[in-house]
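The chain contents come next:
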Amino acid sequence: MEDEKEQLLKRVDRLKRKVESQPNAAPMLAIAKNLRKEKDKEQKLIQQKQEQKNTLLHAEQRYQRLHQQLKDLRQASVGATPQGLLERLEEEANVNNYLVKEKLPKEIAAKRKAIQNLQQVVSEPAMGQAELDELNNKIHDLNSEINQLTEKRMVSNNPIDDKLSLFRQQAAIIGRKKDAAAESLRETREELHTTEAEYKGKRAAVRENDGGEVLKGDEFKRYVNKLRSKSTIYKKKRQEMAELRAENGVLTRTEEILKQRDDNINQQLSHLELKKGVSGYRDTQEELEKVSSIKSELDDMKGRTLDDISEMVRKLTGKIAEKKSALAPVIKELRPLRQKCQELTQEYDEKKSHYDTTSAGLESNRSKLEQEVRGYREECSAEESRYHYLNCMKGSMEVQMQRINDEMKAYVSSDPSERKKSFREQYTRKIQEQENLGKSLREKQKTVRESHGPSMRQMKMWQDLEHLMETKHRTWEHVGGADSMEPMAYHAEAAHQDTNTLIL
């Protein structure tokens, strides 16, 4: 930054010297100053206009948002009646009543029972491994007994006779749903309380750190607008920094070119010195600088006498006079070359400044044209997408219209085969088929319901018969041959019966 500052100051000084040599410099400077002030004022006005546009845009967005909120509230209040509010309050009161009278007492009782069990465990002495094994065995035996009793109860209960089982199951499902809903409500309320506490804590922390309230509403929007204006200023400054960096690059390149020209001039001077027979002038100058440094060192040294120093000065003065007399014609020839070099440098600076101005203007025009081209391309792509969308919609509408026309033709046609092809006839036929199917299924359901009771009684009779036959078979096996003829008599008598009577 310091190097850039020095280069800029040098450039300003050079420009001042260049301007001072021109006629009417003071009026031109005054006009340039007024022009710069007007440009700055124009930039400020443009910035203010942009800020006002942004403010207007935000105000319109806020108006739209508030208008939408008002519309939503009006729509929500259309169906709101005192009866609805009372029903909502009654529902909330019922939920709280359920929580207070049913759920919370159960939870309190469970907690108390758990506390009593823990207190009982704490009050009892420590148990060994054998006692723990014994308790685990007892728990296993009790669980087995509970499972057996449950199985016996399931076997003993008849699903036909137990008409309340369905209602019990529904009541159990509803109870579980109520418990789950109450648990979800409790968790939601706890989360709400936790969030509110966290919000209050963070708000207090912000108030302690910043010493003010959290921005809300219009204050936050003003803060956002302020940040946007600062962002605009930052972008402008960054652009200026980029321009300064570009100018720095130009100046650096200029410095390198001047150094190359200096090296070329030094080589030309060496050739001129060689042609004029005074080669070594620059070397002599360096030697003089070395001698001056040696002289300063000798002055600091002790033990030197004034005579030696005077003799050395006299010799050096003689050498310098000889070198100056030898280099006088060369210096005389270099003066017009230096003047010409200055003129060429001045002309180069003027043309360079003209080139920089033209390049900056062309670059700004190019960026504006690129931005316009980008905008036109985006607009063109948007219009193309809209055209394709409308074309697709047109095609779909044409297909739908064609289907509608075909349907109307088939519907008004006098040909029965054509009318059968219409969607109306097809859907009517399918509806009739489904109605017939539903009617047959209802008749089948009615038949099944009517035959359900007798079928169940017949199944129970067959089960009893099977049990009786198994009992008779076991009895026959135990009794032996004396009664071995009874089954044969039973079969013979059953075979000769003409009626549906079973004789045992």
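Residues numbered from 1 in each chain as written. Predicted model: local features only at pLDDT ≥ 70, side-chain atom pairs only at ≥ 80, totals over all residues. Heavy atoms only, no water.

Whenever I open this one, the overall build of the protein confuses me. Can you help?
In terms of helices and strands, the protein carries 11 helices and zero strands. When the helices and strands of the protein are placed in sequence order, the string is α-α-α-α-α-α-α-α-α-α-α. Out of the 504 residues in the protein, the part that is buried amounts to 5%. Counting contacts in the protein only where the partners sit at least 6 residues apart, residues at least 24 apart contribute 55% of the total. When the accessible surface of the protein is summed, it comes to about 44,500 Å², and 57% of that surface belongs to carbon and sulfur atoms. (Helix = DSSP H or I, 4+ residues; strand = E, 2+ residues; numbered from the N terminus. Buried < 20%, exposed > 50% of the residue type's maximum accessible area, 1.4 Å probe, protein only. Contact = heavy atoms within 4.5 Å. Areas by Shrake-Rupley, 256 points an atom, 1.4 Å probe, with all protein chains shown as cover.)

Looking at this structure, I do not really get a nonpolar patch on the surface. What am I missing?
Judged by side-chain polarity, M401, I404, M408, Y411 and V412 come together as a nonpolar surface patch covering roughly 490 Å² of accessible area. Along the polypeptide, V412 turns up in helix 8 (residues 306–412). In this structure V412 comes out as exposed when scored by relative accessible area, which is 59%. (Patch = residues over 30% accessible without salt bridge, like charges linked within 9 Å, V, L, I, M, F, W, Y side chains within 5 Å. Salt bridge = Lys/Arg side-chain N within 4 Å of Asp/Glu carboxyl O.)

Looking at this model, I keep getting lost on the environment of M127. Mind explaining?
Mapped onto the elements, M127 comes out in the loop between helix 3 (82–123) and helix 4 (129–156). Taking relative accessible area as the criterion, M127 reaches 37% and is therefore assigned partly exposed. For M127, the contacting residues outside a window of four places in its chain are L132 and L135.

Any chance you could explain the side chain of T254 here in plain terms?
Secondary-structure assignment places T254 in helix 6 (residues 217–276). For T254, a relative accessible area of 14% puts it in the buried group. If we ignore the near neighbours within four places in the chain, the residues touching T254 are Y348 and K352.

Would you explain the confidence of the model for the protein in this entry?
Low pLDDT marks stretches whose predicted atomic positions should not be read closely. This prediction gives the protein a mean pLDDT of 78; 81% of its residues lie at or above 70. Averaged pLDDT values for the elements of the protein fall to 45 in helix 11 (residues 486–495) and rise to 89 in helix 10 (residues 423–479). (pLDDT = per-residue confidence, 0-100.)

Help me out: how do you make sense of the pattern of salt bridges in this one?
Pairing of side chains with opposite charge becomes possible as their charged atoms draw close. Per the stated rule, a full pass over the model turns up 11 salt bridges. Put simply, K352 and D356 hold a salt bridge, and the shortest N to O gap is 2.8 Å. Residue K352 and its partner D356 are both found in helix 8; the two are separated by four residues, about one turn of the helix. According to the relative accessible area criterion, K352 is buried, its value standing at 17%. The shortest N-O distance in the salt bridge between E363 and R366 comes to 2.4 Å. Taken together, the residues E363 and R366, both in helix 8 and three residues apart, mark about one turn of the helix. If you follow the salt bridges from partner to partner, you end up with K103, E107, E183, R186 and E190 in one network.

Mind showing me how you'd approach helix 10 here?
Since the α-helix turns once every 3.6 residues, residues separated by three or four places project in the same direction. Over its 57 residues, helix 10 extends 79 Å from the first C-alpha to the last, a length consistent with the 84 Å expected when each residue adds 1.5 Å. Of all the bends in helix 10, the greatest, near 40°, is centred on H452, and the proline P454 appears no more than four residues after it. (Expected span 1.5 Å × (residues − 1). Bend = angle between axes of the 7 residues up to and from the residue.)

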